[in-house]
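# Structural overview for review
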Amino acid sequence: MGIRGLMGLCLERQAWCADNVDLVSVARNNPIELLIDFYSFEHFLLKKLWQSLATVYKNPFLKLCGGEYAALDAYVTKLIKDMQSLNIHLVFYIDGAKGSSTLQTQQKLETWKSRHLQDLHRLSDLISVCHGQKDINQLKPDDSVRPVLLEIQFLKSLQECQCEVFQCAAGEADYRIARDLISRPKAFAVVSNDSDFCIMKDARFIPYELFDKGGNLGLGTPSLLTHRPQCLSVGVINSHKVADMLQLPTHQHLIELSIVVGNDFTGHYMRPLHRNLHIDSRKLDSVAQWVLHTYMVENNPLISSEMQHCPGFREAVHMSRHFYELTMPVSSEVTIKGPLSHFIKVAVEQGRIPANVMAINNNFYWHRMIMEDNTPGHPCVEEALIPLRSIIYRIVLPRNENQVTEWGRTQGNQIDTVSVYSVADRYILTADFIQPQKIFQNLKFFHRVITHMDRGTLYMLMYWVYTGCTGYILYLSEDLPMAYSIRTSKMTKMK
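Anyway, here's the lowdown on the structure attached to this text. Nothing here was measured: the structure is a model prediction, and the numbers come from that model.

### A word on the nonpolar core
Membership of the largest hydrophobic core comes to 60 residues, with the highest contact counts inside it found for Leu6, Val242 and Leu246. Once residues within four sequence positions are removed from consideration, Val242 is found in contact with Leu6, Cys10, Cys17, Cys198, Ile237 and Leu254. Counting 43 residues, the second-largest nonpolar core is a separate cluster that includes Val24, Leu45, Leu72 and Val236.

### Some details on the packing of helix α4 (residues 38-57) against helix α6 (residues 69-85)
The axes of two packed helices give the description: the angle between them and the distance between them. One way to put it is that α4 packs onto α6 with a least axis distance of 11 Å and a crossing angle of 115°. Judged by the sense of rotation from one axis to the other, the crossing of α4 with α6 is right-handed. Listed contacts from α6 to Phe41, Leu45, Leu46, Lys48, Leu49, Ser52 and Leu53 of α4 are Ala71, Leu72, Tyr75, Val76 and Leu79. Grouping the constituent residues of the contact of α4 with α6 by class yields 10 nonpolar, one polar and one charged.

### Comments concerning the packing of aromatic side chains
This structure, assessed with the given rule, holds 17 aromatic pairs. Centroid distance Phe38 to Phe154: 5.6 Å. Interplanar angle 80°. Geometry classified as edge-to-face. Taken together, the residues span a long stretch of sequence, with Phe38 in helix α4 and Phe154 in helix α8 (residues 148-160) at a distance of 116 residues. The pair Phe38 / Phe154 is uniform in exposure class, with both members buried. Each ring, one from Tyr175 and one from Phe323, has its centre 6.0 Å from the other, and the planes form 25°; the classification is stacked. One end of the pair, Tyr175, is in helix α9 (residues 174-183); the other, Phe323, is in helix α16 (residues 311-325), and 148 residues separate them in sequence. Owing to a relative accessible area of 15%, Tyr175 belongs among the buried residues under this scheme. The ring of Trp366 carries Lys98 above its face, with NZ or CZ at 5.7 Å from the centroid. For Lys108, the ring lying beneath its charged end belongs to Phe265, and the centroid distance is 5.0 Å.

### Description of the pattern of salt bridges
Throughout the structure, instances matching the rule amount to 25 salt bridges. Glu110 serves as the salt-bridge partner of Lys113, at 3.4 Å between the closest nitrogen and oxygen. With Lys113 and Glu110 both in helix α7 (residues 102-130) and three residues apart, this pair spans about one turn of that helix. Residue class for Lys113 comes out partly exposed when judged on its relative accessible area of 24%. On the basis of relative accessibility, which here comes to 36%, the residue Glu110 falls in the partly exposed class. Between Glu151 and Arg146 there is a salt bridge, with the nearest N and O atoms lying 3.6 Å from each other. When salt bridges with common partners are traced through the structure, they connect Glu42, Arg146, Glu151 and Arg368 into a single cluster.

### Digging into the packing of helix α11 (residues 251-261) against α16
Two numbers describe how α11 lies on α16: the axes approach to 10 Å, and their chain directions differ by 135°. Relative to α16, α11 is oriented oblique. Along this stretch, α11 crosses α16, giving a crossing that reads as right-handed. On α16, the residues that touch His251, Gln252, Ile255, Glu256, Ser258 and Ile259 of α11 are Val317, Ser320, Arg321, Tyr324 and Glu325. Residues belonging to the contact of α11 with α16 are distributed by class as follows: four nonpolar, four polar and three charged.

### Description of the sheet that holds strand β8 (residues 364-366)
Taken together, three strands build an open sheet; the order of strands is β8-β9-β10 and the sheet is mixed. Two strands bound the open sheet, and with one partner strand each, they are β8 and β10 (416-421). Within the sheet, the average angular offset between the axes of one strand and its neighbour, ignoring direction, is 25°. Across three bridges, the pairing between β8 and strand β9 (residues 403-408) is parallel. The residue bridging Tyr365 from the neighbouring strand is Glu406, located in β9.

### As for the sheet that holds strand β4 (residues 164-167)
Strand order in the open sheet formed by seven strands is β1-β7-β6-β5-β2-β3-β4, with mixed pairing between adjacent strands. Edge positions in the open sheet fall to β1 (18-22) and β4, since each of these has one partner strand only. Each adjacent strand pair in this sheet contributes to an overall mean axis angle of 30°, direction not counted. Pairing geometry for strand β2 (residues 32-37) and strand β5 (residues 187-191), over four bridges, is parallel. Pairing of Ile36 across the sheet is with Val191, part of β5.

Cut-offs and rules
- Residues numbered from 1 in each chain as written.
- Predicted model: local features only at pLDDT ≥ 70, side-chain atom pairs only at ≥ 80, totals over all residues.
- Heavy atoms only, no water.
- Core = buried A, V, L, I, M, F, W, Y, C linked by side-chain atoms within 4.5 Å.
- Buried < 20%, exposed > 50% of the residue type's maximum accessible area, 1.4 Å probe, protein only.
- Contact = heavy atoms within 4.5 Å.
- Axes fitted to C-alpha atoms, helices over the stretch in contact; angles between N-to-C directions.
- Helix = DSSP H or I, 4+ residues; strand = E, 2+ residues; numbered from the N terminus.
- Left-handed = near helix turned anticlockwise from the far one by under 90°.
- Nonpolar A, V, L, I, M, F, W, Y, C, P; charged D, E, K, R; others polar.
- Phe/Tyr/Trp six-rings, centres within 6.5 Å; stacked < 30°, edge-to-face > 60°.
- Lys NZ or Arg CZ within 6 Å of the ring centre and 35° of its normal.
- Salt bridge = Lys/Arg side-chain N within 4 Å of Asp/Glu carboxyl O.
- Parallel < 35°, antiparallel > 145°, perpendicular 65-115°, else oblique.
- Pairing = 2+ DSSP bridges.

Structure follows, in structure tokens:
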């Protein structure tokens, strides 16, 4: 994420662009807030947890399973509570789902596809370990595929600790984080691994490589819990110092450098031009000198010509400037198509429904990366769930729409698109008309959805038998369907 090579250069020259700070000392008299990218923090902390568990239990394979929910809850809770006791409060921001914003999808689709292929390569390595074809010690420490429930557990642990958690309805959270860093009085710095924060206006940024430099939290050590630190040393990178390190006179020059090297907006447009521009994007000092000489990228005849002939490239350049100057237009946010879209947007921001429902309402769904054998021809879980999603699509799509474009791995291709149609059922209510207080009506519909692939009328009859219960569990077998009543605690054979 961000600008290729910039993070590595900043870490290499941290004496020039980072200030060493003890957060415990800073927060001793006045509470401070650290604004945190949820997904990057989850990835960072899980890597440390797996390291600790592997050492304590002498089992390096635990991270392949990912089911250590109690251990994760205890680990996260101890860390958060200790930080809060030191007047250091963590505020979390969660990205919106891919596809929630039409404009952002147009700008970042190529970047998403590239990252998807990288994730598939990582998945192949993990599957090779499961097949005994590769030694687990050959994997990188952060090679893993997070199960959905592990992510939910992580979020619930944060909420139990009374952390502020902001869910974005659309787009990546980094833009809102940068804005809140300026507007929130107690905000001290951003914690993330995204080098975009090295460029953003007036940003103060703590990369994970410079977080807890002294190891006082005990992350990744042979312990099931983190430690309460007496001091917490971090390196805070400042965007102004990054410009000085590259000998660029203004923040605008730094933005132009990101455009030329290739950020998430311009990367797939600029990389084919580097050869003709005689630019080696791996040598940021030389790119900085090129920017110093050229300034605005339009001043270069080749780039100017490309921008004139390619509206997408032109838009990407303009969007980059708005993004890093924190002046993004409102049109780049979630696509609102009517009352249903507004209802879903509010529900996502309140954390009542998953973020990818917003993308589905915008006719877009990106398959979840799941720990499964991705050998061509092998079954794909997300493909198998298409009939279930077609029902969900009817609930979250406007009445005049019935199609969602799905992106992801299929049995035959590493990345593919599939058009999935919602079920043709006029009795299914859209999400904004479902009334939570009508418990039995909703329970009946849930039962209908969850048993949509079962045969015959037996399963519809079962609802009427148990409609008066506060709930039920259905046990399915080929010869002996059974129902367990929660109210009566009795198992009944279905005739």
